[in-house]
4 protein chains.
Amino acid sequence: MLVVMEHGATDAQVARVVAVIEEMGYQARPMPGAQRTSVGLVGNDGRIDGSSLEALDGVAEVIHVTKPYKQVSREWRQENTLVTIAPGVVFGGTEIPIIAGPCSVENEAQIVLAAQQVREAGGAALRGGAFKPRSSPYSFQGLGVKGLELLALARAETGLPIVTEALDEEGAHRVAEIADCIQIGARNMQNYALLRTIGKLGKPVLLKRGMAATITDLLMSAEYLLAEGNTQVILCERGIRSFDSATRNLFDLTAIPLVQKLSHLPIVGDPSHGTGLRDKVIPMGRAAIAAGADGLLVEMHPNPDRAMSDGGQSLFPEQLARLVREARAIAEAIGRSITPTPSAPAGTASATNG
Amino acid sequence: MLVVMEHGATDAQVARVVAVIEEMGYQARPMPGAQRTSVGLVGNDGRIDGSSLEALDGVAEVIHVTKPYKQVSREWRQENTLVTIAPGVVFGGTEIPIIAGPCSVENEAQIVLAAQQVREAGGAALRGGAFKPRSSPYSFQGLGVKGLELLALARAETGLPIVTEALDEEGAHRVAEIADCIQIGARNMQNYALLRTIGKLGKPVLLKRGMAATITDLLMSAEYLLAEGNTQVILCERGIRSFDSATRNLFDLTAIPLVQKLSHLPIVGDPSHGTGLRDKVIPMGRAAIAAGADGLLVEMHPNPDRAMSDGGQSLFPEQLARLVREARAIAEAIGRSITPTPSAPAGTASATNG
Amino acid sequence: MLVVMEHGATDAQVARVVAVIEEMGYQARPMPGAQRTSVGLVGNDGRIDGSSLEALDGVAEVIHVTKPYKQVSREWRQENTLVTIAPGVVFGGTEIPIIAGPCSVENEAQIVLAAQQVREAGGAALRGGAFKPRSSPYSFQGLGVKGLELLALARAETGLPIVTEALDEEGAHRVAEIADCIQIGARNMQNYALLRTIGKLGKPVLLKRGMAATITDLLMSAEYLLAEGNTQVILCERGIRSFDSATRNLFDLTAIPLVQKLSHLPIVGDPSHGTGLRDKVIPMGRAAIAAGADGLLVEMHPNPDRAMSDGGQSLFPEQLARLVREARAIAEAIGRSITPTPSAPAGTASATNG
Amino acid sequence: MLVVMEHGATDAQVARVVAVIEEMGYQARPMPGAQRTSVGLVGNDGRIDGSSLEALDGVAEVIHVTKPYKQVSREWRQENTLVTIAPGVVFGGTEIPIIAGPCSVENEAQIVLAAQQVREAGGAALRGGAFKPRSSPYSFQGLGVKGLELLALARAETGLPIVTEALDEEGAHRVAEIADCIQIGARNMQNYALLRTIGKLGKPVLLKRGMAATITDLLMSAEYLLAEGNTQVILCERGIRSFDSATRNLFDLTAIPLVQKLSHLPIVGDPSHGTGLRDKVIPMGRAAIAAGADGLLVEMHPNPDRAMSDGGQSLFPEQLARLVREARAIAEAIGRSITPTPSAPAGTASATNG
């Protein structure tokens, strides 16, 4: 931490900063400059609240040098963390899993058909919301526990592991009973109570970046999960707020190599929410792979025109197949590969035969 | 709702849009234009998910004309809602209450002294966090239930009503037992499970705008509270994300007259989080009053240099007194007044005598 | 300047940073920390391009401690700069001038009537565009030199000094012949060729903040003017880009006290562009005064419904009169006053008599 | 254009809107709705300033249906425009040219060596600034005309066409004499005087997106160039402002497919400015190709540690070679290819032999 004094700060003001730092139990190292003096704080263990130093007379600014996160950092662990949500479906290695499925679970026929279509397109996991965070209290809020049961049924039919969102403590326990990976949505990225609850459940977690979250904010929220002992955390870039309403969100693909440098955790891209526009999902899904994403999360619906939510950004099944083909070509161009679809359970029929 | 077709959309594509709208149970009104055809949807009750119309061939854009919120709207209720958190402390009328106090409740001496200082400065309510949402899992997280008890003690000493934050379902019940007004923080503005829980508690609520929330998002979150039957809702502008790191957040004061036009709910300003800089709190607190704010929420600490959190943006007690004086002058200039401090309980001592 | 090394940077990497700094002619001061080493650069005269230090192996980050601007800084000059655009119309002192008028000069009758209405409402200067920067090449681009002549006529009729925008080098010379203050628009804030040209003209300048400009960017652009020897510079906050389309721009009033702390130059607020909504101009104009603005710049049109540009954000004449009255009350509440309207030239008629 | 009335607007207010629209020479089509009436304006030729309709009593909002640009639109021209800056170096077709070189031209040895290195790495054109827009008036501003001469020399040595920036009218004429493509920088995207001047020069133009420009703003600025008769326009995404300081700008790759749908003009990506971080240039350059970019613009310097500007985001020569290789693999994966390096002039030596 570096405490930058105002131009013209007095010796007494500098001395007081030194005294407060030493009182806190750290070393202070004053560094006079041509225009202003700075005081370095040595020994920062990442727990200092710099705000009280900012409050001292003559202080212009407090600059944080030490990163506020620890366990998520690549300085804590050098090698990539591999997150396995089902046999053969691993995030953070050379293979890149594609998770796809509808925004919401609507009924048995829809989710089972969707799962079969994801399989056939080459996806490795099924997404689908049972508990939906909707901006309107009057919108469809998901089928709840019934939706979880239908997801389990779709898994039994297709062998695809399940990624689905939990919104609150009770729901998190129900999701953990059934899902292979618990999703924490963008709006809950800083819901610390939920992070703590889910951190304790011992299941893989997919943590989405909040709409106004910096990379540091995202890593700090992941730190809550690791602090509870759960290291099986997948991060997800899904678009942030920006000033141009041409897209629903601004898909920040640079977040992918940034996170990969700062952290050992895998990061996937969600081009569906990242753009909000169906015809941008394929090019931006490809771009995410090219940027180095460790996976994709994509909305696909058997019949987008009739979807109960997010129809306008959901791919048609044949578009998902095309995305997987193009993602495979891009992955190979950079020395990686797309995770193969897990084998189907014995005795299940495919979508085309079903 | 207006469905704008692409330039060159075929008659068949327009006909399909009309058919889908009618199938949904609404009327369709095609409107050919010089460059492109639009189709108006008549009879929208605010429950349509336009996304599936966007998905139809030949559709360029779906424009929402109807606001997605209802009960929070001034079209639903013309007169201002008055929110009373204690006798004489009313938000939404001519009088403007000032809520002040430390970021966190730290111990009995600190919070009781702070409450006395708020009284003497002319504040109408005491704020102080017992449950703190901290970006780091290793930071001080608040005293929890013990903090609530200390707030109750400070109220007993000074007569000031209490505003304090709840972070989760269990905490909300505990906060509701003691607080006069339950705060929902910016990070939880779209924590819909928490909104529903708190909406049912029947206590006044102070709902802070999220860092990436539009005015519509804020009103939609308030709609969750009203949909549970609670109309005692105070909104709060506390700064949003922007590109300039010169301030912690960007204090969006235009939100105040905007909300007041669109909604009947009162809105207050929080210049402490809105700027993050102590020496900007007084001018921006004044500016909030001049913009028409129905209240202020301000951080003040008996000894900011030793605060356990947010010291750098907390006022000194004498600065709070100055802010109240200047706010009073501004309020009078626009025909309003600052709510007087509630009378102290019989037999309590003042800060200076205590 | 502080060069922060990566965790695990080698001694050789630190030594190379030291060597490069010394080679540049500065002193290097290594500062080992608990987690990482930093190297302070002492003697920075503000001309170093830190980018090449960032490029060295083992460097995590380069932190700038010295501000990049000089002459605009309060460290360069402690007292407020007073900018006088006409006798008695001074920015930066206790008195606050209000500049008002239409977006565009449209014809003689319109601009003379507007000027008379500004006078009667209590304004101190007339604004009006002769050269208009329009986002469409097909929109009305202003009357050009003819517009300047009409502004001169309006000044002759009313005694109000003129503030008008220049868009390019040739236009700047024409504007300088007639105007009392040359405006540089938001879109040209970083048009350095124009800044240099106008800096040499020796006329007062009103420099608007760009839509994506940080406070530092704004001050750096002002530095271009001062570097050419012109210290008569008024800054202007007029709203920046944000994610909420509820307003045309986001009016960043905290910029006012921020600039006043960092710089000796006066700063005014433009609530018309800052909000883009007529009914928000009065509350936000008041708020700007309460935040400490050294002036207001407001759009008013004799007949906004028929304005050739910006009609929707222009005040009606009687609304301007109300804004001035309310601004006066707010100014008095904080110990300042609104600059009185300059006396009219002998023999001119008022709007009501004319 | 759709004029949305307030809930509760009177018949007289609707009638006045109809009257004003008809007075403007268009047809009005009122459309009563369940909650509010809208009035469609039929026959909009794109020249209406909706602002005066917004100003009418009872109007809630004016929604623009017609795009404000014309000639840049795909509705104006269906096929891609091909922009040829030199024989075989074409933007907008299947082949993708890579433009590379230093931020600034520093001296003959540097720019000639850089050009040779660009050739050998597989680039198709040379970039290098002679006139530099710098945020500080005290920073190196480029070699000016001398820099242009050195670029011409580098072209003569290597056969690479030249892309370089013009900052003002006089400079634009000098740049046009020498360059193969004139760059308009992000800070000048809305410098309309410069757009008009350069639009008349009849040379290919590379127009960079401004830091706060929406896609519509970018296309409107291009419209200025086309309105002067120049259709040889290449657009460039180079990062916009966002709230996270982890990168210099936020590289908005979705802009690429967005622009390609809305316009017939080619668009390239600049990952150097888009990220500001050398080690993000390769992954984000790959991602731009995968998103469909029609070219790349990349900073490379023979010795980045000694660069006079932007050293920290400039690639080393061998990194550029790697980027070209990886871009080639990605391009092939999506059915495109990287433009081959133009043949060298007879009798010139290569970098390695030179």
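Reading the values: rules and limits
- Residues numbered from 1 in each chain as written.
- Chains lettered and ligands numbered in written order.
- Predicted model: local features only at pLDDT ≥ 70, side-chain atom pairs only at ≥ 80, totals over all residues.
- Heavy atoms only, no water.
- Helix = DSSP H or I, 4+ residues; strand = E, 2+ residues; numbered from the N terminus.
- Buried < 20%, exposed > 50% of the residue type's maximum accessible area, 1.4 Å probe, protein only.
- Contact = heavy atoms within 4.5 Å.
- Lys, Arg positive; Asp, Glu negative; His and termini not counted.
- Charge placed at Lys NZ, Arg CZ, Asp CG, Glu CD.
- Domains from an automatic or database assignment.
- Least-squares fit on C-alpha atoms with pLDDT ≥ 70 in both.
- Buried area = accessible area lost by both parts, 1.4 Å probe.
- Salt bridge = Lys/Arg side-chain N within 4 Å of Asp/Glu carboxyl O.
- Polar contact = N/O pair within 3.5 Å; in protein donor to acceptor, adjacent residues only side chain to side chain.
- Disulfide = S-S within 2.5 Å.
- Phe/Tyr/Trp six-rings, centres within 6.5 Å; stacked < 30°, edge-to-face > 60°.
- Lys NZ or Arg CZ within 6 Å of the ring centre and 35° of its normal.
- Axes fitted to C-alpha atoms, helices over the stretch in contact; angles between N-to-C directions.
- Parallel < 35°, antiparallel > 145°, perpendicular 65-115°, else oblique.
- Left-handed = near helix turned anticlockwise from the far one by under 90°.
- Nonpolar A, V, L, I, M, F, W, Y, C, P; charged D, E, K, R; others polar.

**Quick look at the overall build of chain A**
Phase 1: When you go through chain A residue by residue, the secondary structure sums to 11 helices and 16 strands.
Phase 2: Along the three orthogonal principal directions, the C-alpha set of chain A runs to about 85 × 45 × 40 Å.
Phase 3: Put simply, chain A has 354 residues, and 64% of those count as buried.
Phase 4: Considering only contacts in chain A between residues 6 or more positions apart, those separated by 24 or more positions represent 69%.
Phase 5: Computed over 33 positive and 38 negative side-chain charges, the separation of the two mean positions in chain A equals 4 Å.

**Considering the domain arrangement of chain A**
Phase 1: Domains assigned within chain A are domain 1 (2–63) and domain 2 (83–345).
Phase 2: The C-alpha centroid of domain 2 of chain A is placed 44 Å from the C-alpha centroid of domain 1 of chain A.

**Topic: the relation of the copies chain A and chain B**
Phase 1: Of the transformation placing chain A onto chain B, the axial shift is 0.0 Å and the rotation is 180°, giving an RMSD of 0.0 Å. Taken together, these values place the two copies in the relation of a two-fold axis. Considering only C-alpha atoms, the part of chain A nearest the rotation axis is Ala212(A), at 2.6 Å.
Phase 2: Taken together, the interface assignments show that 100% of the residues at the interface of chain A recur at the interface of chain B, consistent with an identical surface on both copies.

**Considering the interface of chain A and chain B**
Phase 1: With 48 residues of chain A at the contact, the number on the chain B side is 48 residues.
Phase 2: Regarding the contact of chain A and chain B, the summed buried area is about 3,800 Å², with carbon and sulfur atoms giving 46% of it.
Phase 3: Across the chain A-chain B interface, the total number found is five salt bridges.
Phase 4: Asp305(B) is the partner of Arg16(A) in a salt bridge, and the nearest nitrogen-oxygen pair spans 3.1 Å.
Phase 5: The interface formed by chain A and chain B holds 23 residue pairs in polar contact (both at pLDDT 80 or more) in total.
Phase 6: Of all the secondary-structure elements, those providing two or more residues to the side of chain A that touches chain B are helix H1 (11–23), helix H2 (51–54), helix H6 (192–199) and helix H7 (215–227) of chain A.

**Focus: the state of the cysteines**
Residue and element names in this part refer to chain C.
Phase 1: Overall, the coordinates contain zero disulfides over all chains when judged by the stated rule.
Phase 2: Cysteine 236 provides the cysteine sulfur closest to cysteine 181, a residue in no disulfide bond, and the two sulfurs are 10 Å apart.
Phase 3: Owing to a relative accessible area of 0%, cysteine 236 belongs among the buried residues under this scheme.

**Description of the packing of aromatic side chains**
Phase 1: This model, assessed by the stated rule, comprises four aromatic pairs over all chains.
Phase 2: Look at Tyr192(C) and Tyr224(C): their rings are 4.5 Å apart centre to centre, the planes differ by 20°, and that puts the pair in the stacked class. Remark: Tyr224(C) occurs in helix H7 (residues 215–227) and Tyr192(C) occurs in helix H6 (residues 192–199); sequence separation between them is 32 residues. The same class applies to Tyr192(C) as to Tyr224(C), namely buried.
Phase 3: Its guanidinium or amino end placed over the ring of Tyr138(A), Lys70(B) lies 5.9 Å from that ring's centre, counting from NZ or CZ.

**What to know about the relation of the copies chain D and chain C**
Phase 1: Least-squares fitting of chain D to chain C yields an RMSD of 0.0 Å, with the transformation described by 0.0 Å of translation along the axis and a rotation of 180°.
Phase 2: Most of the interface of chain D is mirrored in chain C: 100% of its interface residues are interface residues there too.

**Re the packing of helix H5 (residues 169–178) of chain B against helix H6 (residues 192–199) of chain B**
All names here are of chain B.
Phase 1: Two numbers describe how H5 lies on H6: the axes approach to 10 Å, and their chain directions differ by 30°. On the basis of the axis angle, H5 is roughly parallel to H6. By crossing handedness, the relation of H5 to H6 is classed as right-handed. Facing H5, whose interface residues are Glu169, Ala172 and His173, H6 presents Leu194, Thr197 and Ile198.
Phase 2: Classifying every residue of the contact of H5 with H6 by side-chain character gives three nonpolar, two polar and one charged.

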